[in-house]
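Structure at a glance
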Amino acid sequence: MPCDTSHSCFKKVSGILLALTGVFALLYLWFTLFPGEITPEAYQYFRGEELERGRSYVLALRLVYISSFIVKLVFLLWFLGSGRAEALAARCFALTRMRVWPTRILFFLVFWLILQLLSLPFSLFANYYWQHHWGFSTQTLISWWQDYFLSSGLSLVLTLAGVLLLFAAMELWPRRWWFAGAVFSVFWLFLQVFLWPVVISPLFNQFAPVQEIAVVEMVEELSTKTGLVIDEVLVMDASRRTTASNAYFTGLGSTKRIVLYDNLLKDFSPAEVKAVVAHEMAHWQHGHVFKGMLWGSLGTFFLWAVFYLFLGCAFGKQGFYPPHTVVIIVLFLLVVNFLASPVENYFSRQMEREADRTAVMLTADIPAALSLQVNLAVKNRGDVSPPPFLEWFAYSHPSTLNRIKAFKKLGNN
């Protein structure tokens, strides 16, 4: 049991984190329900019904996100505070005849299943029902369940392995396990970014090199301007699941690639596709993936050190952490990731702005950049003028209207 001083510290730290979480959650909910008037400038580029459809579409998704977060938070607090987590751990010990490692595995499996059941209604509504309601999803229910079980299975295996490694580190290095955890997390982050495009992504989609001659020539032109060697520009069969359009840059080293949705090539003009490819190449040119991982690595070490102190407040200076420690881990990560969202998204938006500016310099085609933002927002039902708090807190990209303003400013310079 933790000493009185440690227990008092744990309560104070927990109280501060939860109070701040509650404030942000209430603000998120408030601005979701009462987003305010749409900025008049938006009507220069969009019809009123397009703006209203965008807000109607994202309203439910925002409610699902914050509701899911609150449900998980309340459950975890109840599970720990009521003693149910310790009771489940005791039951698992009884079932495994007091064997520590089987108990940890059994406890984790039961706990993981409970969390999956809590999240399932939200996932089913947001990712299947709502997407069908708005005409985005092209998946059957069977196909959706196949994706769900595949992603859940991967999550289960990887998370269980991580939890068991953490418990092993706690036993081997009682005072330095946080450093070992940070090193492993950073290693896994780099490995994941390197391997995800060639190992995980192909489990869900098919990728093929771009065949359109115009796109190939356009990529070669941009590659010459940037001085970058572009090994692969791939088309993903996104239309198997959605009618939405997108593109992304992923990977490191030999796995770096630009991926275009097939919907993007089908529904957008060549000039708009060029604007997209230029934007993704700008990320490549500025090393945004590596920079993001570097900042993420520094944040990871800081987070693990804080977590070590946090658990020290919870359990005191002991060499054994009970199976229900995993509940505290999940609660801590849930709260910290929520509170860190504004910081992470701030850096992400800065990178997106830099990529936007560079892309316009590469293409010298501001009208295409503007029409791309308008058409993406209309086709993907975006909220082009979100409440400033929501953009600050939750947007990894600048809002559509802010991107349009930035492009117009570049055009006037």
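Located above this text is the structure these notes cover.
In this report, we go over the structure that sits alongside the text.

Ranked by internal contacts, the top residues of the largest apolar core, which has 46 residues, are Leu-76, Phe-79, Phe-107, Phe-111, Trp-177, Val-327 and Phe-338. Here this core gets 11 residues from one element, more than from any other, and that element is helix 11 (residues 325-363). Not counting residues within four places of it along the chain, the set of residues in contact with Leu-76 comprises Phe-111, Leu-115, Val-327, Val-330, Leu-331 and Leu-334. Ile-258, Tyr-261, Val-273 and Leu-372 belong to the second-largest nonpolar core, a separate cluster that totals 31 residues.

Another point: the pattern of salt bridges. Scanning the entire structure with this criterion turns up 11 salt bridges. Of the charged contacts, one joins Glu-50 and Arg-47 as a salt bridge, the two residues approaching to 3.2 Å between their closest N and O atoms. Residue classification places Arg-47 among the partly exposed residues on the basis of a relative accessible area of 47%. Among the charged side chains, a network of salt bridges with common partners joins Arg-47, Glu-49 and Glu-50.

Quick look at the sheet that holds strand 2 (residues 233-236) now. Strand pairing in a sheet relies on backbone hydrogen bonds. The paired strands run either parallel or antiparallel. Here we have four strands laid out as an open sheet, ordered 1-2-4-3, and mixed in their pairing. Here the strands that pair on one side only, and so sit at the sheet edges, are strand 1 (207-209) and strand 3 (247-250). With strand direction ignored, the average angle separating the axes of adjacent strands in the sheet is 30°. As paired strands, strand 2 and strand 4 (residues 257-261) are joined by four bridges and run parallel to one another. Bridge pairing in strand 4 places Val-233 opposite Ile-258.

A word on a nonpolar patch on the surface. Together, Phe-290, Leu-294, Trp-295, Leu-298, Val-343, Tyr-346 and Phe-347 line one region of the surface with nonpolar side chains, adding up to about 730 Å² of accessible area. Every element with two or more residues in the nonpolar patch is listed here: helix 10 (288-315) and helix 11. Sort the elements by how many residues they give to the nonpolar patch and helix 10 lands first, with four residues. Residue position: Leu-298 is located in helix 10.

Let us look at the side chain of Ser-399. Counting through the fold element by element, Ser-399 comes out in the loop between helix 13 (388-394) and helix 14 (400-412). Exposure remark for Ser-399: the relative accessible area of 3% places this residue in the buried category. With residues up to four places along the chain from it excluded, the contact list for Ser-399 reads Val-384, Pro-386 and Glu-391.

Here the focus is helix 11. With 39 residues, helix 11 ought to run about 57 Å at 1.5 Å a step, and its terminal C-alpha atoms sit 53 Å apart, in line with that. The largest bend along helix 11 reaches roughly 45° and is located at Ala-340, with the proline Pro-342 sitting one to four residues downstream. Just downstream of helix 11 lies Ala-364, where phi reads positive at about 50°.

Moving on to the packing of helix 2 (residues 48-81) against helix 4 (residues 100-133). Orientation of helix 2 relative to helix 4, taken along the N-to-C sense of each, is 165°, at an axis distance of 10 Å. Relative to helix 4, the element helix 2 lies roughly antiparallel. Relative to helix 4, helix 2 is oriented so that their crossing is right-handed. Residue-level contacts link Ser-56, Tyr-57, Ala-60, Leu-61, Val-64, Ser-67, Ser-68, Val-71, Lys-72, Phe-75, Leu-76 and Phe-79 of helix 2 to Phe-107, Phe-111, Ile-114, Leu-115, Leu-118, Ser-119, Phe-122, Phe-125, Ala-126, Trp-130 and Gln-131 of helix 4. Across the contact of helix 2 with helix 4, the residue classes break down as 17 nonpolar, five polar and one charged.

Turning next to helix 12 (residues 366-380). Counted at 1.5 Å a residue, the expected span for helix 12 with its 15 residues is 21 Å, and the 21 Å between its end C-alpha atoms agrees. Listed in full, the buried residues belonging to helix 12 are Ile-366, Ala-368, Ala-369, Leu-370, Leu-372, Gln-373, Val-374, Leu-376 and Ala-377. Lining the buried residues of helix 12 we find helix 9 (270-285), helix 11 and helix 14. Between a side-chain oxygen at the N-terminus of helix 12 and the backbone nitrogen of Ala-368 the separation is 3.1 Å; the capping residue is Asp-365. Downstream of helix 12 by one or two residues, Arg-381 has phi in the positive range, about 55°.

Moving on: the packing of aromatic side chains. Per the stated rule, a full pass over the model turns up 39 aromatic pairs. Arranged with centres 6.0 Å apart and planes meeting at 0°, the rings of Phe-79 and Phe-111 form a pair that is stacked. With Phe-79 in helix 2 and Phe-111 in helix 4, the pair connects residues that are 32 residues apart, well separated along the chain. The class for Phe-79 is buried, based on a relative accessible area of 5%. Relative to Phe-347, the ring of Trp-295 lies with its centre 5.3 Å away and its plane at 20°, an arrangement referred to as stacked.

What follows concerns the environment of Asp-267. Checked against the element boundaries, Asp-267 lands in helix 8 (residues 262-267). Each C-alpha atom of the pair Asp-267 and Ala-244 lies 9.7 Å from the other, and the pair is 23 residues apart in sequence.

Time to look at the pairing of strand 2. For a regular strand, the rule is simple: side chains alternate between the two faces of the sheet. Burial along strand 2 is two-sided: the residues Val-233 and Val-235 and Leu-234 and Met-236 are all buried. Bridge count for strand 1 against strand 2 is three bridges, and the pairing is antiparallel. Across the sheet, the residue bridging to Ala-208 is Val-235, located in strand 2.

Glancing now at the environment of Gln-146. Position of Gln-146 relative to the elements: it lies in helix 5 (residues 141-172). With relative accessibility at 52%, the residue Gln-146 sits in the exposed group. For the pair Gln-146 and Cys-313, spaced 167 residues apart in the sequence, the C-alpha separation amounts to 42 Å.

Conventions used here
Residues numbered from 1 in each chain as written. Predicted model: local features only at pLDDT ≥ 70, side-chain atom pairs only at ≥ 80, totals over all residues. Heavy atoms only, no water. Core = buried A, V, L, I, M, F, W, Y, C linked by side-chain atoms within 4.5 Å. Buried < 20%, exposed > 50% of the residue type's maximum accessible area, 1.4 Å probe, protein only. Helix = DSSP H or I, 4+ residues; strand = E, 2+ residues; numbered from the N terminus. Contact = heavy atoms within 4.5 Å. Salt bridge = Lys/Arg side-chain N within 4 Å of Asp/Glu carboxyl O. Pairing = 2+ DSSP bridges. Axes fitted to C-alpha atoms, helices over the stretch in contact; angles between N-to-C directions. Patch = residues over 30% accessible without salt bridge, like charges linked within 9 Å, V, L, I, M, F, W, Y side chains within 5 Å. Areas by Shrake-Rupley, 256 points an atom, 1.4 Å probe, with all protein chains shown as cover. Expected span 1.5 Å × (residues − 1). Bend = angle between axes of the 7 residues up to and from the residue. Parallel < 35°, antiparallel > 145°, perpendicular 65-115°, else oblique. Left-handed = near helix turned anticlockwise from the far one by under 90°. Nonpolar A, V, L, I, M, F, W, Y, C, P; charged D, E, K, R; others polar. Polar contact = N/O pair within 3.5 Å; in protein donor to acceptor, adjacent residues only side chain to side chain. Phe/Tyr/Trp six-rings, centres within 6.5 Å; stacked < 30°, edge-to-face > 60°.

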